[in-house]
Amino acid sequence: MASLAAAVRTHTPNVAGVAIKTSNGKDWQGHHDDTKAAMAVVGPGSITEWVTALSAHGLEAHAWCVVHGRDIEVEARRVLEACYVPGLRSMILDVEAGERYFGGQPADVARAFICRVRAELPGTFHLGLCLFVRGDEPEKIHLEEWLPYVNSLHPMIYHWDFSSGSSGPRPYLDEAFSRLAPYGLPLVPILQTYPDPESCKPVPEAHIVEAGDYAFQKGAAGISFFRLGAAGPPEFAAIRRITARPAHDIP
């Protein structure tokens, strides 16, 4: 953890923090990823270690989790246990319509889950909602049920994946902002650094810079990149070139 935090601070000094995946449904994420046991999240103690390691290098610790909605009480408990860890800045709920995600759950499940989580957290604790905005995905996850209880929206904009490695990020950012801006919540796009799954072509460095700069031009409250494990020198170099600034400062 310490070496990863040090690498982030060294290679991308403009990055404010790291989001750690804490749970997948009702399971701690470490139960699904045993490749690096020392970094695996298997409970609140693991998250505390991450918070400490990141803080030592001047980085914020955020968390994200995948919501299934199949066992509301157990899943909510995993989320809350993570949120209770001192020093954790936010929890981003990843809610998707795929079969391995929240797909197929009715609106009352969405409502019950988010109400259960929000009710036990201080009003000042930041909850984000991570979602796809293409097609009817927002309707499939019952977006309206989540909105009253979250503080920010984090659209996943994986332009290189969406276009099979053929086009730039602007049309996808335009679509996401057009659809989500009316809700009046801060938008924090999740942008892509992983290679196109089909062609294995890496995201061009220029695309990474353009995605970040254009997101801020559109009014993003912040940005993040998925994912750190797929980033190397070219991706780090691109991220270093992005500067967060108000939209009116960008020509």
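Placed above this text is the structure.
Now for a description of the structure that goes with this document. (Residues numbered from 1 in each chain as written. Predicted model: local features only at pLDDT ≥ 70, side-chain atom pairs only at ≥ 80, totals over all residues. Heavy atoms only, no water.)

**Considering the packing of helix 8 (residues 170–180) against helix 9 (residues 205–218)**
Operational definition: Only the stretch in contact is used when a helix axis is fitted, and all axes are lines through C-alpha atoms; the angle between N-to-C directions ranges over 0 to 180 degrees. Helix and strand labels come from DSSP, where a helix needs a run of H or I of at least four residues and a strand needs a run of E of at least two; each type is numbered from the N terminus. Should an angle fall under 35 degrees it is taken as roughly parallel, and over 145 as roughly antiparallel, whereas 65 to 115 is taken as roughly perpendicular and any remaining angle as oblique. With the far helix as reference, a near helix turned anticlockwise by less than a right angle produces a left-handed crossing, and one turned clockwise produces a right-handed crossing. Whether two residues are in contact is decided by their heavy atoms, any of which lying within 4.5 Å being enough. In this classification, the charged set is Asp, Glu, Lys and Arg, the nonpolar set is Ala, Val, Leu, Ile, Met, Phe, Trp, Tyr, Cys and Pro, and all remaining amino acids, among them Gly, are polar.
The geometry of helix 8 relative to helix 9 is characterised by a closest axis approach of 10 Å and an angle of 30° between their N-to-C directions. Between helix 8 and helix 9, the crossing angle belongs to the class labelled roughly parallel. For the element pair helix 8 and helix 9, the recorded crossing hand is right-handed. Residue-level inspection shows Arg170, Leu173, Asp174 and Phe177 of helix 8 in contact with helix 9, the latter providing Glu210, Ala211, Tyr214, Ala215 and Lys218. Broken down by class, the residue content of the contact of helix 8 with helix 9 amounts to five nonpolar, no polar and four charged.

**Side note on the packing of aromatic side chains**
For the record, the criterion: Classification of ring pairs rests on two measures: the distance between centres of Phe, Tyr or Trp rings, Trp counted by its six-membered ring, which must be within 6.5 Å, and the angle between planes, read as stacked under 30 degrees, edge-to-face over 60 and tilted in between. Comment: the charge-over-ring label is applied if NZ (Lys) or CZ (Arg) is within 6 Å of the ring centre and within 35 degrees of the ring normal.
This structure, assessed with the given rule, holds 10 aromatic pairs. A centroid spacing of 5.8 Å and a plane angle of 85° characterise the contact between tyrosine 194 and phenylalanine 226, whose relative ring orientation is edge-to-face. Residue tyrosine 194 is found in the loop between strand 7 (190–192) and helix 9, and its partner phenylalanine 226 is found in strand 8 (residues 224–226); the two are separated by 32 residues along the sequence. Counting every residue linked through ring pairs, the aromatic cluster contains Trp64, Phe132, Tyr158, Phe162, Tyr172, Tyr194 and Phe226. The ring of phenylalanine 162 has arginine 134 lying over it, and the distance from NZ or CZ to the ring centre is 4.3 Å.

**With respect to the packing of helix 3 (residues 72–83) against helix 4 (residues 107–120)**
Axis separation between helix 3 and helix 4 bottoms out at 10 Å; the angle between their running directions is 35°. The interaxial crossing formed by helix 3 with helix 4 has right-handed handedness. Between helix 3 and helix 4, the residues in contact are Ile72, Glu73, Glu75, Ala76, Arg77, Val79 and Leu80 and Val109, Ala112, Phe113, Arg116, Val117 and Glu120, respectively.

**Considering the pattern of salt bridges**
Inclusion rule: Between Lys or Arg on one side and Asp or Glu on the other, a salt bridge is scored when a side-chain nitrogen of the former is within 4 Å of a carboxyl oxygen of the latter. Exposure is judged per residue with a 1.4 Å probe applied to protein chains only, and the accessible area is read against the type maximum: over 50% gives exposed, under 20% gives buried, and values in between give partly exposed.
Evaluated as defined, the whole model comprises 10 salt bridges. Residue glutamate 73 pairs with arginine 116 through a salt bridge whose shortest N-O separation is 2.8 Å. In this pair, glutamate 73 sits in helix 3 while arginine 116 sits in helix 4, placing the two residues 43 residues apart along the sequence. Classification of glutamate 73 as partly exposed rests on a relative accessible area of 42%.

**Comments concerning the side chain of threonine 12**
Condition: What qualifies as a polar contact is a pair of N or O atoms within 3.5 Å, subject to a donor-acceptor requirement within protein and to the restriction that residues adjacent in sequence count only when both atoms come from side chains.
Structurally, threonine 12 can be placed in the loop between helix 1 (2–11) and strand 1 (17–24). Polar contacts involving the side chain of threonine 12 include one to the main-chain carbonyl oxygen of valine 8, which spans 2.7 Å. Every residue in contact with threonine 12, bar those within four places of it in the chain, is listed here: Ala7, Phe236, Ile239 and Arg240.

**Topic: the nonpolar core**
Formally: The nonpolar core is taken to be a set of buried Ala, Val, Leu, Ile, Met, Phe, Trp, Tyr and Cys residues, with the residues joined through side-chain atoms within 4.5 Å.
Counting residues in each nonpolar core, the largest one holds 75 residues, and the members touching the most others are Met91, Leu93 and Trp146. The leading source of residues in this core is helix 9, at six residues. With residues near it in sequence (within four places) discarded, methionine 91 still touches Thr22, Ala63, Trp64, Cys65, Val79, Ala82, Cys83, Phe125, His126, Leu127 and Gly128.

**Overview of the sheet that holds strand 3 (residues 60–66)**
Quick note on the threshold: DSSP calls a pair of strands paired once it identifies at least 2 bridges connecting them.
The eight strands lie next to each other as 2-1-3-4-5-6-7-8, forming an open sheet whose pairing is mixed. Among the strands making up the open sheet, the edge pair consists of strand 2 (27–28) and strand 8. Sheet topology places strand 5 (residues 126–131) next to strand 6 (residues 152–157); four bridges connect them, and they run parallel. Bridging from a neighbouring strand, cysteine 130 pairs with histidine 154 of strand 6. With respect to the sheet, helix 2 (residues 44–55) is in contact with strand 1, strand 2, strand 3 and strand 4 (88–94), its orientation differing from that of strand 1 by roughly 175°.

These figures capture arrangement, not role.
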